[in-house]
Amino acid sequence: MTLFRWIAGAALLLAATAGHALDFKSVGAAPAILYDAPSTKGGKLFVAPRGMPLEVVLSYGEWVKVRDASGDLAWTEAKGLSPKRTLVVRAANTKVRAAADDNAATVFIADKGVLLELAESAGNGWIKVRHRDGQSGYVKSSDIWGI
C-alpha cells in the first residue's frame, strides 16, 4: 500500500509541475527587481524592464521564482507582474507576416530582443502578435520566447 501512495504522490507532483511549466507573465508598469532569494534582503541580480516576459516556475507567498528568455532563474515580487502576455524575439531580422504562412507578405521585420504583444495562437506553429506601434502579423513560434 505504501508503494501505491508513493506512486500516486509522485504522479500528482508531476501533474502539478507540468501544469505550472507554461505560466507566463510580464513585468508590469514599473521595472521589476530580480533577486537571488525570495526577499528584498536577497542579492539584487537584475532590473527587468517593463513588459519583459517571464515564466513563473514557482510561487512562494508574495514571491515568484521566474525564468527569463536566457534561462536564468531569479525571484521577484508577484505584485510587480502583469497577466498581460508579451513575447520577445529570439533572432535578428525575424519576419512578421500578413498571414500564418511562409509565403505571405512581410508586414515588418523585428530584431532580436524586440517585445511583441501576444494577440492569439494561430496554430500550426504560428502566433499572431502586435507591435507597440500598432502593426500586427504572424510570426513562427520558434522565433519568439514567452509562449
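For the structure given in this document, a descriptive report is provided here. Everything numeric here is computed off the predicted structure, so don't read it as measured data.

1. Quick notes on the nonpolar core
- With 11 residues, the main nonpolar core is built from V27, A32, L34, A48, M52, L54, V56, V64, V66, A74 and L81.
- For this core, the secondary-structure elements that each account for two or more residues are β2 (32-35), β4 (53-60) and β5 (63-67).
- Those residues in contact with V66 that lie beyond four places of it in its chain are L34, L54, E55, V56, V57, D72, L73, A74, T76 and L81.
- Counting 10 residues, the second largest nonpolar core, distinct from the first, contains V89, A110, L116 and I144.

2. Comments concerning the pairing of strand β12 (residues 126-130)
- Inspection of the sheet shows strand β11 (residues 115-123) paired to β12 by 5 bridges, in the antiparallel sense. Within the sheet, the bridge partner assigned to E120 lies in β12 and is K128.
- Here β11 folds back onto β12 in antiparallel fashion, the turn holding 2 residues, of which N124 has a positive phi close to 55°.
- Examined bridge by bridge, β12 and strand β13 (residues 136-140) share 5 bridges and lie antiparallel to one another. Within β13, the position partnered with R130 by the bridge is S136.
- In this antiparallel pair of consecutive strands, β12 and β13, the connection spans 5 residues, and G134 shows a positive phi of 105°.

3. Points about unusual backbone geometry
- The phi angle at N93 is positive, at roughly 60°, despite the residue not being glycine.
- Assignment of secondary structure puts N93 in the loop between β8 (86-89) and β9 (94-97).
- The exposure class of N93 is exposed, given its relative accessible area of 55%.

4. Observations regarding the pairing of strand β6 (residues 73-77)
- Here 5 bridges tie β5 to β6, and the two strands are oriented antiparallel to one another. Of the residues in β6, the one forming a bridge with K65 is W75.

5. Quick notes on the side chain of S26
- Its location among the elements puts S26 in strand β1 (residues 23-27).
- In this structure S26 comes out as buried when scored by relative accessible area, which is 2%.
- Of the polar contacts made by the side chain of S26, one reaches the backbone oxygen of K84; its length is 2.7 Å.
- Residues in contact with S26, not counting those within four places in the same chain, are G51, M52, P53, G80, L81, S82, K84 and T86.

6. Focus on the pattern of salt bridges
- Applying the stated criterion across every chain, the model contains 5 salt bridges.
- Among the ionic pairs, E77 bridges to K79, the shortest N-O distance being 3.8 Å.
- Residue class for E77 comes out partly exposed when judged on its relative accessible area of 27%.
- Residue K84 is joined to E117 by a salt bridge in which the shortest nitrogen-to-oxygen separation is 3.8 Å.

7. With respect to the environment of E117
- One can find E117 in strand β11.
- For E117 and G51, which are 66 residues apart along the polypeptide, the C-alpha to C-alpha distance reads 8.9 Å.
- Once residues within four sequence positions are removed from consideration, E117 is found in contact with K84, R85, T86, K128, V129 and R130.

8. As for the environment of A74
- Among the secondary structure elements, A74 is positioned in strand β6.
- Separated by 10 residues in the primary sequence, A74 and V64 place their C-alpha atoms 8.4 Å from one another.
- The residues contacting A74, other than those within four sequence positions of it, are L34, Y35, L45, V64, K65 and V66.

Conventions adopted
- Residues numbered from 1 in each chain as written.
- Predicted model: local features only at pLDDT ≥ 70, side-chain atom pairs only at ≥ 80, totals over all residues.
- Heavy atoms only, no water.
- Core = buried A, V, L, I, M, F, W, Y, C linked by side-chain atoms within 4.5 Å.
- Buried < 20%, exposed > 50% of the residue type's maximum accessible area, 1.4 Å probe, protein only.
- Helix = DSSP H or I, 4+ residues; strand = E, 2+ residues; numbered from the N terminus.
- Contact = heavy atoms within 4.5 Å.
- Pairing = 2+ DSSP bridges.
- Polar contact = N/O pair within 3.5 Å; in protein donor to acceptor, adjacent residues only side chain to side chain.
- Salt bridge = Lys/Arg side-chain N within 4 Å of Asp/Glu carboxyl O.

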